[in-house]
Amino acid sequence: NSYQDISLITAEFNTDVQISEAKQLVKDAVDKADLPTDLPDDPVIQDINLADLPIMYVNVSGDYDLKRLKEYADDLEDRIEGLKEISGVDIVGALDPEIQINVDMNKMAAAQISFFDIVQTVGSENKTISGGTVKMDGVRRTINIKNEFTSAEQIANLIIRTPTGGSVYLRDIAEVKDAFKEQESYARLYGKNVITLNVKKRSGENLIEASDKINALIEDMKGKELPADLTITITGDQSDQTRVTLHDLINTIIIGFILVTVILMFFMGVTNALFVALSVPLSMFVAFLTMPALGSIFDFNFTMNMIVLFSFLLGLGIVVDDAIVVIENTHRIFDNGKVPIVKAAKTAAGEVFLPVL
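Keep in mind it's a predicted model, so treat the numbers as computed, not measured.

A. Broad picture of the overall build of the chain. Scanning the chain from N- to C-terminus turns up 11 helices and 14 strands. Projected onto the principal axes, the alpha-carbon positions of the chain cover approximately 120 × 60 × 55 Å. The buried share of the chain, taken over its 357 residues, is 26%. Contacts spanning at least 24 positions in sequence make up 66% of the contacts within the chain whose residues lie at least 6 apart. Taken together, the 31 basic and 51 acidic charged side chains of the chain have centroids lying 7 Å from each other.

B. View of the sheet that holds strand β13 (residues 195–201). Here we have 4 strands laid out as an open sheet, ordered β4-β13-β3-β14, and antiparallel in their pairing. Looking along the sheet, the strands with just one partner apiece sit at the ends: β4 (86–92) and β14 (231–235). Each strand of the sheet is rotated relative to its neighbour by a mean of 20 degrees, with strand direction disregarded. Of the pairings in the sheet, the one linking strand β3 (residues 54–61) to β14 comprises 5 bridges and is antiparallel in character.

C. Fine view of the packing of helix α2 (residues 66–81) against helix α7 (residues 207–221). Between α2 and α7, the least distance of the axes is 11 Å, while the angle of their chain directions is 140 degrees. Regarding the angle of α2 to α7, the classification is oblique. Of the two elements, α2 crosses α7, and the hand of that crossing is right-handed. Contacts from D75, L76, R79 and I80 in α2 reach I214, L217, I218, D220 and M221 in α7.

D. Highlighting the pattern of salt bridges. Enumeration according to the criterion identifies 11 salt bridges in this entry. Residues E71 and R68 are paired through a salt bridge, measuring 3.5 Å at the closest nitrogen-oxygen approach. Of this pair, E71 and R68 are both found in helix α2, 3 residues apart, which corresponds to roughly one turn of the helix. A relative accessible area of 38% means that R68 is categorised as partly exposed. Across the pair K70 and D74 runs a salt bridge whose closest N-O atoms are separated by 3.1 Å. Of this pair, K70 and D74 both sit in helix α2, 4 residues apart, which is roughly one turn of the helix. A residue is classified by how much of its surface remains accessible, and K70, at 16% relative accessible area, is buried. Look at D74 and you get partly exposed, because its relative accessible area is 22%.

Rules behind the numbers
- Residues numbered from 1 in each chain as written.
- Predicted model: local features only at pLDDT ≥ 70, side-chain atom pairs only at ≥ 80, totals over all residues.
- Heavy atoms only, no water.
- Helix = DSSP H or I, 4+ residues; strand = E, 2+ residues; numbered from the N terminus.
- Buried < 20%, exposed > 50% of the residue type's maximum accessible area, 1.4 Å probe, protein only.
- Contact = heavy atoms within 4.5 Å.
- Lys, Arg positive; Asp, Glu negative; His and termini not counted.
- Charge placed at Lys NZ, Arg CZ, Asp CG, Glu CD.
- Pairing = 2+ DSSP bridges.
- Axes fitted to C-alpha atoms, helices over the stretch in contact; angles between N-to-C directions.
- Parallel < 35°, antiparallel > 145°, perpendicular 65-115°, else oblique.
- Left-handed = near helix turned anticlockwise from the far one by under 90°.
- Salt bridge = Lys/Arg side-chain N within 4 Å of Asp/Glu carboxyl O.

Rendered as structure tokens:
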């Protein structure tokens, strides 16, 4: 896909190809490609990871200018990125500060000064350099000399030497002002300008916990680090849908458990129906006990997620079927051969062990 000033190429691979290997192959191909030498930027090769998609959007707005909103958004960004569940936060709609030196061409020509002279003067003054070391209390300490600009006025007061041996202030040939870069991203909510924080979750972390911590963090910062009249709105929270699905799954498991027990009472009696019903929580209990042990042995990380819950839902029917088979076989052996119940249960379970497994 080619657009104004940019071209995008998407490469798709089969599922048996490793991501790292595919990425390296693409990089090698780009290096060998006959590309123009005057490209403003080098080609960027990156893999598309669904985990990098934002899990929520935090919108900051209020009766403040964008510069002040950007300061509040930066504070919020630092705090959110400090959470272990968050991998990063992108800011959209903010203004990036920029010092503009708008040169008057006629005055610059009259002073016989070039753009290179201005760039060199500004660059040589705005530096942090090492001043060597000094011995203090038996320890040699490094000295850094910081001479970075903190305001546009300092830049405007720079003195530039002319070829004739004279000097001129930068403010005499140019207007220096504290401004912003040309805005390249915009964010609007309900028709108003906002600054939006795109929050990305770290892969493998709990989505619901991340959402809860961010909401608690915002409530804690309001009125303290952030003004009380600052409006912070959360949109696109993916945890909302996850919570609904999670509750639906849990409710389905509970309802299925109850229905199975009630229906089996009509065909197997109350006692046998309760035995079948008990097989479900007991099986899940054993699963929760064994999964961490298996995880430590095979170096797996078992987590409670949607796949696990769906597996429990599917396993509910399988466990009930197996329990019915074992109990019915136990009754057959117990009734026909007049075998003691304990021995009948062991024999019955042994006979159907392989199909149940």
